[in-house]
Amino acid sequence: MTNAGQLPSDLFMDLDRSGPMPLYHQVASRIEEAIRSGAMPPGARLENEIALGERLGLSRPTIRRAIQDLVDKGLLVRRRGIGTQVVHGPVTRKVELTSLYDDLAQGSQAPATTLLRREDVPASDVVAEALGVDPGTTVVHLRRVRFAEDVPMAVLENYLPSDFIDLSADDLATHGLYQLLRARGVTMRVAKQRIGARAATDDEARLLEVEDGDPVLTMSRTAYDASGRAVEYGVHCYRPDRYSFEVTLVDK
């Protein structure tokens, strides 16, 4: 790249402005070529739509459509207050009994955590049923944002039995939850999990740096240890442009 955030002008020298191929598609193809060749490395920021359009003599809707195509492909990501960046690669997660932290670490995605809340609360009816305790029983409530390569990936809400009431904020900010449970001798054997989708709340959109009402993937999970006891109930939401679930189906 010639300047920070600026694509080299010669990348677009052969645009066919009178041919049958739409200009937005041609622009998207040139930017994709720069990304895949490494000319625009992961984390590189694009100049804004107006500046790029003016430099190329193209309308803002044309540039916006080109960029959106690349966002849809998972090559670019829009970050509120930061701009449009080349992604480090979307995370595809197999539906297995692992944590997001573990998956990101294994994929060299530099996981990081912001702990928003760590509190002891009375279990609601839903939480009590999931953890197998009486409503009103004290449980540990956690709310965190998980990042990969400095990009927010997920908002994680978890509830744990009172055995883990001594989990510290420092540990939760620097380690994955399943890491901490394993360190305490907890062996998770099975989980009940549900995957869905919905619109992001205003708060989730702010934390994930997406637009209000954008879609998010959701997952709820109750994990059980080797004795069959529920040790964790989680309700999570994920950015769909940076994250997907993968399932292998076998015909029996």
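In what follows, the structure referred to is the one given above.
Parameters at a glance
- Residues numbered from 1 in each chain as written.
- Predicted model: local features only at pLDDT ≥ 70, side-chain atom pairs only at ≥ 80, totals over all residues.
- Heavy atoms only, no water.
- Helix = DSSP H or I, 4+ residues; strand = E, 2+ residues; numbered from the N terminus.
- Buried < 20%, exposed > 50% of the residue type's maximum accessible area, 1.4 Å probe, protein only.
- Salt bridge = Lys/Arg side-chain N within 4 Å of Asp/Glu carboxyl O.
- Pairing = 2+ DSSP bridges.
- Axes fitted to C-alpha atoms, helices over the stretch in contact; angles between N-to-C directions.
- Left-handed = near helix turned anticlockwise from the far one by under 90°.
- Contact = heavy atoms within 4.5 Å.
- Nonpolar A, V, L, I, M, F, W, Y, C, P; charged D, E, K, R; others polar.

## Quick notes on the overall build of the protein chain
- In terms of regular secondary structure, the protein chain is built from eight helices and ten strands.
- Taking all 252 residues of the protein chain together, the buried fraction comes to 46%.

## Comments concerning the pattern of salt bridges
- Enumeration over the complete set of coordinates arrives at twelve salt bridges.
- For the salt bridge of R65 with D69, the shortest nitrogen-to-oxygen distance reads 3.7 Å. One end of the pair is R65 and the other is D69, both in helix α3 (residues 60-72) and four residues apart, which spans about a single turn.
- With relative accessibility at 23%, the residue D69 sits in the partly exposed group.
- For D203, the salt bridge is made with R143, and the minimal N-O distance between the two is 2.9 Å. Separated by 60 residues along the polypeptide, D203 in helix α8 (residues 202-208) and R143 in strand β5 (residues 138-148) bring together distant segments of the chain.
- Each of R143, E157, D203 and R206 takes part in one network of salt bridges that share partners.

## Description of the sheet that holds β5
- The strand order across the open sheet formed by six strands is β4-β5-β6-β9-β8-β7, and the pairing between neighbours is antiparallel. Of all the strands in the sheet, just β4 (111-122) and β7 (188-199) have a single pairing partner and so form its edges. Neighbouring strand axes in the sheet, compared pairwise and without regard to direction, differ in orientation by 15° on average.
- Two strands pair when backbone bridges link them, and β4 and β5 are joined in this way by eleven bridges, in the antiparallel orientation. Its bridge partner being in β5, A112 is matched across the sheet by F147.

## Here we look at the pairing of β5
- In terms of burial, β5 is a largely internal element, ten of the eleven residues being buried.
- Pairing geometry for β5 and strand β6 (residues 151-160), over nine bridges, is antiparallel. Within the sheet, the bridge partner assigned to F147 lies in β6 and is P152.

## Quick notes on the packing of helix α2 (residues 49-56) against α3
- Between α2 and α3, whose axes approach to 9 Å, the crossing angle comes to 115°. Where α2 crosses over α3, the two elements pack in a sense that is right-handed. The residues of α3 that touch α2, namely those facing E49, I50, L52, G53 and L56, are R60, I63, R64 and I67.
- Of the residues in the contact of α2 with α3, the class split is five nonpolar, one polar and three charged.

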